[in-house]
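Architecture at a glance
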2 protein chains.
Amino acid sequence: MAKEVTRRQDNYSQWYNDLVVKADLAEQSAVRGCMVIKPYGYAIWEKMQQELDKRFKATGVKNAYFPLFIPKSFFSREAEHVAGFAKECAVVTHHRLMNDPKGKGVVVDPEAKLEEELIVRPTSETIIWSTYKNWINSWRDLPILCNQWCNVVRWEMRTRLFLRTAEFLWQEGHTAHATSAEAAAKAEEMVGVYADFARNVMALPVIVGHKSPNERFAGAIDTLTIEAMMQDGKALQAGTSHFLGQNFAKSFDVQFANKEGKLEYVWATSWGVSTRLMGALIMSHGDDNGLVLPPALAPIQVVMVPIYKGEDERNAILDKMYEIKKELEKDGKSVHIDDRDTLRPGFKFAEWELKGVPVRVAIGPRDLAAGTVELARRDTLEKVSASVDGLAATIENLLVDIPNNIYAKAEAFRNANIRKCDSWEEFKEEIQKGGFLLCHWDGTPETEQAIKDETKATIRCIPVDSCVCEEEGVDIYSGKPSKRRVVFAISY
Amino acid sequence: MAKEVTRRQDNYSQWYNDLVVKADLAEQSAVRGCMVIKPYGYAIWEKMQQELDKRFKATGVKNAYFPLFIPKSFFSREAEHVAGFAKECAVVTHHRLMNDPKGKGVVVDPEAKLEEELIVRPTSETIIWSTYKNWINSWRDLPILCNQWCNVVRWEMRTRLFLRTAEFLWQEGHTAHATSAEAAAKAEEMVGVYADFARNVMALPVIVGHKSPNERFAGAIDTLTIEAMMQDGKALQAGTSHFLGQNFAKSFDVQFANKEGKLEYVWATSWGVSTRLMGALIMSHGDDNGLVLPPALAPIQVVMVPIYKGEDERNAILDKMYEIKKELEKDGKSVHIDDRDTLRPGFKFAEWELKGVPVRVAIGPRDLAAGTVELARRDTLEKVSASVDGLAATIENLLVDIPNNIYAKAEAFRNANIRKCDSWEEFKEEIQKGGFLLCHWDGTPETEQAIKDETKATIRCIPVDSCVCEEEGVDIYSGKPSKRRVVFAISY
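Here the structure is a predicted model, which means the values were calculated and not measured.

**Observations regarding the overall build of chain A**
- A count of helices and strands for chain A gives 13 helices and 25 strands.
- The C-alpha atoms of chain A give 26 Å as radius of gyration, which agrees with the globular expectation for 492 residues (23 Å, within 12%).
- In terms of principal-axis extent, the alpha carbons of chain A reach across some 80 × 70 × 55 Å.
- Each of the 492 residues in chain A was classed as buried or not, and the buried ones make up 59%.
- A separation threshold of at least 6 residues defines the contact pool for chain A, and within that pool the share at least 24 residues apart is 68%.
- As displayed, chain A has an accessible area near 19500 Å², and 49% of this comes from carbon and sulfur atoms.

Shown next as C-alpha cells:
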C-alpha cells in the first residue's frame with residue numbers, strides 16, 4: 001500500500017492524525033498551532049460551507065463581514081465574556097517593523113506602539129454588538145440576522161489538526177430581536193439547522209440538547225448543542241447555538257424604541273460551527289483504510305481506474321471511461337479518471353480508499369469486452385460487477401445508499417455505546433470505557449464540577465431528542481433528587 | 001428623497017463616501033481603518049467571489065487555506081519583499097490577557113510574550129513558499145495551483161472604505177511551476193481571467209498591461225495589471241498578476257528534481273484582487289442618484305413597487321406581483337417586492353435607485369386594469385409602459401442591454417479621456433485635469449520617479465491591449481528615445 005495508516009485499535013489518536021495528513025486534508029504550519037488546510041481538505045470544507053450557507057439563507061440570514069481586530073477594552077464590557085474569552089488570545093501591540101539598526105533582518109519598531117492593544121477575534125459578539133448599536137433605533141430595524149464566514153484565533157496550548165487549533169475557520173451568526181421569545185426561537189431554529197446538516201449531509205447521528213450552566217458559552221443564558229460520538233466513544237461538540245438574552249445589548253447599550261415608543265434592550269443569539277466539523281467527519285466514518293466520505297461532501301464522488309497492458313488497451317478503456325464520465329457529469333456527479341501511467345492499479349485503489357472516494361469504477365480489458373465494470377463502494381468495501389448499460393442509475397442508487405448506510409452504522413455504534421448508569425462506583429468505571437452515560441443529575445454546577453474533577457467527564461447535554469430521559473431518580477454523585485437523566489461523557 | 005447624496009460635480013470624494021454608506025455597502029468600525037461590510041455590500045462581494053472562483057477553477061486552480069500569521073523572520077528572507085511589505089503591519093507580540101491587578105478591566109500579561117513576533121499577513125508569499133517546500137520534491141509534484149480567499153492587513157495611515165483599508169478581503173493565487181515559460185504563461189492567463197471578469201461581469205473597460213519596475217510587486221520579475229478609469233479621471237488598479245521568477249523558491253530553498261534528476265529552483269506566480277473592486281464598481285457606474293449595478297452582481301435584479309390606495313388595491317396588485325415574481329425566478333432572476341406599507345412609492349423609488357437595482361417594476365390600479373406595468377431601468381432612468389404578457393422576455397432583454405450600455409458608457413468616457421501628450425509643459429497641465437495620458441517614456445526608473453515627484457502621476461501600465469502605443473518618439477521628461485507610449489495617470 002502507498003501510505004501506511006495506523007490501525008484504530010493500535011493507536012486511535014495516531015490513526016486520526018494519519019488520516020488527516022496522509023489523505024492530504026491538512027498539516028501543521030511553520031506557525032505554532034496554526035494549520036494549513038490542503039486543497040483536498042479545503043474542498044470538503046467548501047462543500048460544508050455551501051450546504052450550511054444555503055440553509056442559513058433559507059431562514060432569512062444574510063452574510064456580512066466584521067473586523068478581525070477587537071479593541072482590548074471591549075472585553076471588559078460583558079463580565080462573563082471576559083472570563084471566558086479574553087484569556088488566551090493573540091494580542092497586537094505594534095503596527096510597524098523596521099530594519100534592525102544593529103544588523104540584518106527586521107525588528108519591531110518601538111515607536112509604533114498602539115495606544116490600545118487589539119485582540120485578534122476569538123469570537124465576535126463584542127465588535128458586532130458595538131456595530132449593531134448604530135444599526136438599531138426602532139422595532140422596525142429588527143430583527144437583524146447576520147452571519148459571517150471568517151477566521152478566529154484562540155491561543156490553545158495543546159493543538160490537534162481540525163479539532164483544536166490556534167487559528168480556525170468558522171461561521172458565526174449573530175441575530176438581534178425585539179423579544180425574548182423570538183430570540184430563543186431563533187437559537188432553537190439554528191441548532192435545528194445544524195442537526196439537519198449533521199444528519200443529512202454529514203451522516204452524523206447527533207444528539208440535540210441544552211448545555212449545563214458549566215458548559216455554556218461565556219455570556220449566554222442558554223446554549224444548545226449538537227453532540228456526536230466518535231469511534232473511540234468520546235463526545236465531540238459539533239455546533240452550538242446560544243440564546244444570549246440582553247447581556248450584550250446591555251454591555252453595549254443597544255436599545256430600541258418599541259411600538260409604544262418605549263426604549264427596551266435588544267435580545268440576542270449567536271451560533272457557530274467550525275473546521276472542527278472536519279474532525280467529526282473523519283472520526284465518525286473513517287476506517288483502517290482511510291476516510292469514508294458521504295457523497296454530499298466528497299470532492300470526488302466517483303473515481304475511475306483503468307487496468308490495462310499497452311497503449312491500445314489503455315486508449316480503448318480510457319475512451320469508454322470518458323464516455324461514462326460525461327454521462328455521470330450530466331447528472332451533476334463529480335468524477336475523476338485516474339489516468340496516471342506510472343502507478344499500478346492496486347496503488348491507486350489504496351490511495352482513493354485513503355481519500356474516502358465513495359464509489360470506484362475499475363475497467364480492465366475483459367470488462368471492456370463484456371460491457372461491464374467493477375464497481376466498489378468505499379463504505380463496505382464490497383465489489384460487484386455491473387453492466388455499463390444503466391451504470392449511471394446503478395451509481396446513483398449507490399450514492400443514495402452510502403450515506404444511509406454510514407448513518408445507520410454510526411447510529412448503531414452510538415446506540416450500542418449509550419447506557420444508563422445509576423451508581424457512582426459504576427460511573428467511575430464505566431466512563432473510562434468510553435461512550436455516553438445517561439445519568440441522573442441534581443442540576444447543580446457544584447456536582448457537575450466534582451464529577452469532572454474526579455473523572456474528567458462532563459455533561460455533554462441535557463437532550464431534547466434522541467434519548468428518553470424524562471424520569472425521576474437520584475443524582476449519581478450527590479444522591480439528591482433528579483427529574484431527568486443527562487448525557488455524561490469524556491469529550492474532545 | 002430619503003437620503004441625500006452629494007453630487008459628483010460638487011464633491012466627488014464625498015459622493016463616493018455617500019454611496020458606500022447610504023446604500024448600505026459598508027461603514028467604518030470601532031477599529032481604526034477597519035471596515036464593516038454590511039449585508040447589501042457583502043452580497044455584491046459574494047457574487048464577485050462566485051464569478052471569480054468559477055473562472056479560477058476552470059483553469060485548474062484549487063482553493064486552500066494558509067495561516068493568518070507569519071513569523072517575523074520570514075520577512076527577512078526575500079530582500080525586496082521585506083522593503084515592500086514588512087513595514088506597516090499588525091504585529092502580535094503576546095498571547096494572553098489578564099485581569100488588571102490594579103483594578104477593573106484587562107491588561108496584557110507581560111509573562112505571555114512570544115519568543116518570535118508574528119505578523120498578520122499583508123500577503124502570503126512567504127508562508128506559502130515555506131509550505132510548498134514540503135510539497136515539492138520532483139517535477140511530478142508540479143504545477144501546484146492554489147488560491148485562498150482570506151483577509152489581509154496592511155497598516156495604512158489614510159484609509160477610505162473599500163479603496164484602502166487596514167484589513168481587507170481578497171483572494172491570492174500562488175502557483176509553482178517547473179519552467180519559467182510555464183509560470184510566465186500562468187501569470188498572463190490569470191490577468192486574462194481578471195480582464196474577462198472586469199469586462200464581462202463588472203462592465204469595466206479595463207486596460208491590460210505590464211507595470212513599470214517602480215510599480216511592480218515587491219519580489220516580482222514582472223507585474224501584469226488591469227487598470228480602470230474612474231469618473232474623476234483617476235486610475236484605479238483593479239487586479240494584478242505577478243511572475244515571481246525563482247525569487248521566493250530561492251529564499252525558501254524550494255527545489256525539484258527535473259526529469260533528468262537534476263535539482264532546479266521552482267518558478268512562481270501570484271495574483272490577487274480584493275474588496276477594492278467594490279470601489280471600482282461604485283466609481284465607474286454610479287451617478288448622482290446612487291449606485292448603478294450590472295445585473296450579474298446585483299443582489300436584487302428586479303424590484304417591484306406597488307402603488308395603491310386601500311387594502312383591496314394593495315392585495316390585488318401584490319397578487320399580480322407574486323405571479324410575476326414567480327415567473328422571473330423560474331428564469332433565475334432575483335426579485336424583491338417592496339411591500340412595506342409605511343413608505344410612499346416615491347421614497348421607495350429613490351431608495352432602490354440609490355441601491356442600484358437594475359430594473360424597477362411599478363404597478364398601480366390603472367396598470368392592473370390595463371394589463372401593463374411601469375418599467376424603469378436604472379442605468380438610463382428611462383421609464384416605459386410594458387405589457388404583463390411577455391414581461392419576462394422584456395426584462396430579460398433589459399438585463400442583457402444594461403451591462404452592454406454601462407460598459408459602452410464607461411468605455412466612451414475612458415476613450416474621451418485618454419489622450420496623447422508629447423511635451424513636458426503640456427503634461428504638467430494636462431495631468432491635473434485627470435484622465436490617462438499616453439506618453440513616451442525612456443524606460444528608466446529615474447525618469448518615472450522624477451515625473452512622480454513633480455506631478456504625483458505614475459505609469460499605470462505599459463499596455464498590451466486597448467491602446468495603439470507602438471511608435472517611436474522621445475521621452476516627455478528626459479528627451480531620450482522611446483519605442484512606445486505608456487499610460488500615465490494620477491491613481492487611487
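After that view of the structure, there is still more to cover.
**With respect to the relation of the copies chain B and chain A**
- Laying chain B over chain A is done by rotating through 180 degrees and shifting 0.0 Å along the axis; what remains is an RMSD of 0.0 Å. Expressed as an axis order, the relation between the two copies is that of a two-fold axis. Taking C-alpha positions as reference, the residue of chain B nearest the rotation axis is valine 92 of chain B, located at 2.1 Å.
- Interface overlap between copies is the fraction of interface residues in one copy that are interface residues in the other; for chain B against chain A it reaches 100%, indicating a shared surface.

**Some words on the packing of helix H2 (residues 39-58) of chain A against helix H7 (residues 276-285) of chain A**
Residues and elements named next belong to chain A.
- Running from N to C, H2 and H7 point in directions that differ by 105 degrees, and their axes come no closer than 10 Å. Here H2 lies roughly perpendicular to H7, going by the angle between them. Two secondary-structure elements touch here, H2 through Gly41, Ile44, Trp45, Met48 and Leu52 and H7 through Leu277, Met278 and Leu281.
- Per-class residue counts for the contact of H2 with H7 are 7 nonpolar, 1 polar and no charged.

**Here's the deal with empty space enclosed by the protein**
- Evaluated as defined, the whole model comprises 2 cavities of 30 Å³ or more.
- Each pocket or cavity is described by its volume, and for the second largest cavity that value is around 40 Å³.
- As for the second largest cavity, its lining consists of Cys34, Met35, Ile37, Glu167, Phe168 and Leu169 of chain A together with Tyr65 of chain B.
- For the lining of the second largest cavity, the elements supplying multiple residues, two or more each, are strand E2 (35-37) and strand E9 (167-177) of chain A.
- It is E9 of chain A that contributes the most residues to the lining of the second largest cavity, 3 residues altogether.
- In terms of residue class, the lining of the second largest cavity is made up of 6 nonpolar, no polar and 1 charged.

**What about the sheet that holds strand E17 (residues 335-337) of chain A?**
Residues and elements named next belong to chain A.
- Taken in spatial order, the 5 strands of this open sheet run E17-E16-E18-E19-E20, and their pairing is mixed. Each edge of the sheet is formed by a strand with only one pairing partner; in this case those strands are E17 and strand E20 (383-387). Strand-to-strand, the axes of this sheet are offset by a mean angle of 25 degrees, without reference to chain direction.
- By the bridge criterion, 3 bridges tie strand E16 (residues 302-306) to E17 in an arrangement that is parallel. The residue of E17 that forms the bridge with valine 302 is valine 335.
- Strand contacts of helix H11 (residues 391-416): E16, strand E18 (359-363), strand E19 (372-377) and E20, with the helix running at about 10 degrees to E19, the strand carrying the most contacts.

**Focus: the interface of chain B and chain A**
- Across the contact, 62 residues belong to chain B and 62 residues belong to chain A.
- Roughly 5200 Å² of surface becomes buried between chain B and chain A when both sides are summed, with 66% attributable to carbon and sulfur atoms.
- Counting across the chain B and chain A interface gives 4 salt bridges.
- Note that glutamate 88 of chain B is salt-bridged to arginine 96 of chain A, the shortest N-O span being 2.5 Å.
- Our count for the chain B to chain A interface comes out at 30 residue pairs in polar contact (both at pLDDT 80 or more).
- The residue inventory of the side of chain B that touches chain A, partitioned by class, reads 38 nonpolar, 11 polar and 13 charged.
- In terms of strand pairing, strand E5 (residues 88-99) of chain A meets strand E5 (residues 88-99) of chain B through 5 bridges, oriented antiparallel. Residue pairing in the sheet places arginine 96 of chain A in a bridge with glutamate 88 of chain B of E5 of chain B.

**Some words on a negative patch on the surface**
- On the surface, Glu311, Asp312, Asp339 and Asp341 of chain A cluster together into a patch of negative charge.
- Mapping aspartate 341 of chain A onto the fold places it in the loop between E17 and helix H9 (345-354).

**Here we look at the packing of aromatic side chains**
- A full pass over the atoms with the stated rule returns 32 aromatic pairs over all chains.
- For the ring pair phenylalanine 56 of chain A and tyrosine 194 of chain A, a centre distance of 6.2 Å and an interplane angle of 75 degrees mean the geometry is edge-to-face. You can see phenylalanine 56 of chain A sitting in helix H2 and its partner tyrosine 194 of chain A sitting in helix H5 (residues 180-200), a full 138 residues away along the chain. Here phenylalanine 56 of chain A and tyrosine 194 of chain A have matching classes, each one buried.
- On the basis of an interplanar angle of 20 degrees and a centroid distance of 5.4 Å, the ring pair of tryptophan 424 of chain B and phenylalanine 427 of chain B is categorised as stacked. Taken together, the positions of tryptophan 424 of chain B and phenylalanine 427 of chain B, both in helix H12 (residues 424-430) and 3 residues apart, correspond to about one turn of that helix.
- Given a relative accessible area of 0%, phenylalanine 427 of chain B falls into the buried group.
- Pairwise contacts between aromatic rings join Trp45, Phe56, Trp149, Tyr194 and Trp271 of chain A into one cluster.
- When the ring centre of tryptophan 15 of chain B is taken as origin, the NZ or CZ atom of arginine 8 of chain B, which lies over that ring, is 5.8 Å away.

**Here we look at H9 of chain A**
Residues and elements named next belong to chain A.
- H9 sits mainly inside the fold: 7 of its 10 residues count as buried.
- Residues of H9 that are buried include every one of Lys348, Phe349, Ala350, Glu351, Trp352, Glu353 and Leu354, and no others.
- Against helix H1 (12-22), E16, E17, E18 and E19 lie the buried residues of H9.
- A positive backbone phi angle near 75 degrees is found at glycine 356, which sits one or two residues after H9.

**Some words on the packing of helix H2 (residues 39-58) of chain B against helix H5 (residues 180-200) of chain B**
All names here are of chain B.
- Running from N to C, H2 and H5 point in directions that differ by 140 degrees, and their axes come no closer than 10 Å. Considering their axes alone, H2 and H5 lie oblique with respect to each other. As H2 packs across H5, the resulting crossing turns out to be right-handed. In contact with Met48, Glu51, Leu52, Arg55 and Phe56 of H2, H5 contributes Met190, Val193, Tyr194, Asp196 and Phe197.
- Among the residues forming the contact of H2 with H5, the class breakdown is 7 nonpolar, no polar and 3 charged.

**Structural notes on unusual backbone geometry**
Residues and elements named next belong to chain A.
- With an omega of -5 degrees, the peptide bond running from leucine 142 to proline 143 counts as cis.
- Mapped onto the elements of the fold, proline 143 is located in the loop between helix H4 (125-135) and strand E8 (144-153).
- Positive phi values are uncommon outside glycine, yet lysine 456 reaches one of about 70 degrees.
- Residue lysine 456 is classed as exposed on the basis of its relative accessible area, which comes to 67%.

**Some details on the environment of arginine 7 of chain B**
- In this fold, arginine 7 of chain B is placed in the segment before helix H1 (12-22).
- Residues arginine 7 of chain B and aspartate 18 of chain B, spaced 11 residues apart in sequence, show a C-alpha to C-alpha distance of 9.6 Å.

**A few points about the domain arrangement of chain A**
All names here are of chain A.
- Split into domains, chain A comes out as domain 1 (2-285), domain 2 (295-405) and domain 3 (418-489).
- Listed per partner, the contact involves 15 residues of domain 1 and 9 residues of domain 2.
- Together, the buried faces of domain 1 and domain 2 total about 1200 Å²; carbon and sulfur atoms form 75% of this surface.
- If you look at where domain 1 meets domain 2, you find 2 residue pairs in polar contact (both at pLDDT 80 or more).
- The biggest single contributor to the side of domain 1 that touches domain 2 is H2, with 5 residues.
- Taken together, the residues of the side of domain 1 that touches domain 2 sort by class into 11 nonpolar, no polar and 4 charged.

**Quick word on the nonpolar core**
- With 90 residues, the main nonpolar core has Phe69 of chain A together with Phe69 of chain B as its most contacted residues.
- The contacts of phenylalanine 69 of chain A, once residues within four sequence positions are left out, are Val92, Leu118, Ile119, Val120 and Ile127 of chain A together with Val31, Cys34, Ala90, Val120, Val153 and Trp155 of chain B.

**Focus on the side chain of asparagine 63 of chain B**
- Along the chain, asparagine 63 of chain B turns up in strand E3 (residues 62-63).
- We classify asparagine 63 of chain B as buried; its relative accessible area is 3%.
- A distance of 2.6 Å separates the side chain of asparagine 63 of chain B from the side chain of glutamate 46 of chain A, its partner in a polar contact.
- Separated by 2.9 Å, the side chains of asparagine 63 of chain B and aspartate 53 of chain B make a polar contact.
- Apart from residues lying up to four places away in sequence, asparagine 63 of chain B is in contact with Pro39, Tyr42 and Glu46 of chain A together with Asp53, Lys57, Asn147 and Trp149 of chain B.

What counts, and where the lines are drawn
- Residues numbered from 1 in each chain as written.
- Chains lettered and ligands numbered in written order.
- Predicted model: local features only at pLDDT ≥ 70, side-chain atom pairs only at ≥ 80, totals over all residues.
- Heavy atoms only, no water.
- Helix = DSSP H or I, 4+ residues; strand = E, 2+ residues; numbered from the N terminus.
- Rg over C-alpha atoms; globule rule 2.2 N^0.38 Å.
- Buried < 20%, exposed > 50% of the residue type's maximum accessible area, 1.4 Å probe, protein only.
- Contact = heavy atoms within 4.5 Å.
- Areas by Shrake-Rupley, 256 points an atom, 1.4 Å probe, with all protein chains shown as cover.
- Least-squares fit on C-alpha atoms with pLDDT ≥ 70 in both.
- Axes fitted to C-alpha atoms, helices over the stretch in contact; angles between N-to-C directions.
- Parallel < 35°, antiparallel > 145°, perpendicular 65-115°, else oblique.
- Nonpolar A, V, L, I, M, F, W, Y, C, P; charged D, E, K, R; others polar.
- 1 Å grid on protein atoms, 1.4 Å probe; cavity = no way out; pocket = protein on both sides within 12 Å on 5 of 7 lines; lining within 4 Å.
- Points joined across faces, edges and corners; volume = space filled by probe spheres on them.
- Pairing = 2+ DSSP bridges.
- Buried area = accessible area lost by both parts, 1.4 Å probe.
- Salt bridge = Lys/Arg side-chain N within 4 Å of Asp/Glu carboxyl O.
- Polar contact = N/O pair within 3.5 Å; in protein donor to acceptor, adjacent residues only side chain to side chain.
- Patch = residues over 30% accessible without salt bridge, like charges linked within 9 Å, V, L, I, M, F, W, Y side chains within 5 Å.
- Lys, Arg positive; Asp, Glu negative; His and termini not counted.
- Charge placed at Lys NZ, Arg CZ, Asp CG, Glu CD.
- Phe/Tyr/Trp six-rings, centres within 6.5 Å; stacked < 30°, edge-to-face > 60°.
- Lys NZ or Arg CZ within 6 Å of the ring centre and 35° of its normal.
- Left-handed = near helix turned anticlockwise from the far one by under 90°.
- Domains from an automatic or database assignment.
- Core = buried A, V, L, I, M, F, W, Y, C linked by side-chain atoms within 4.5 Å.

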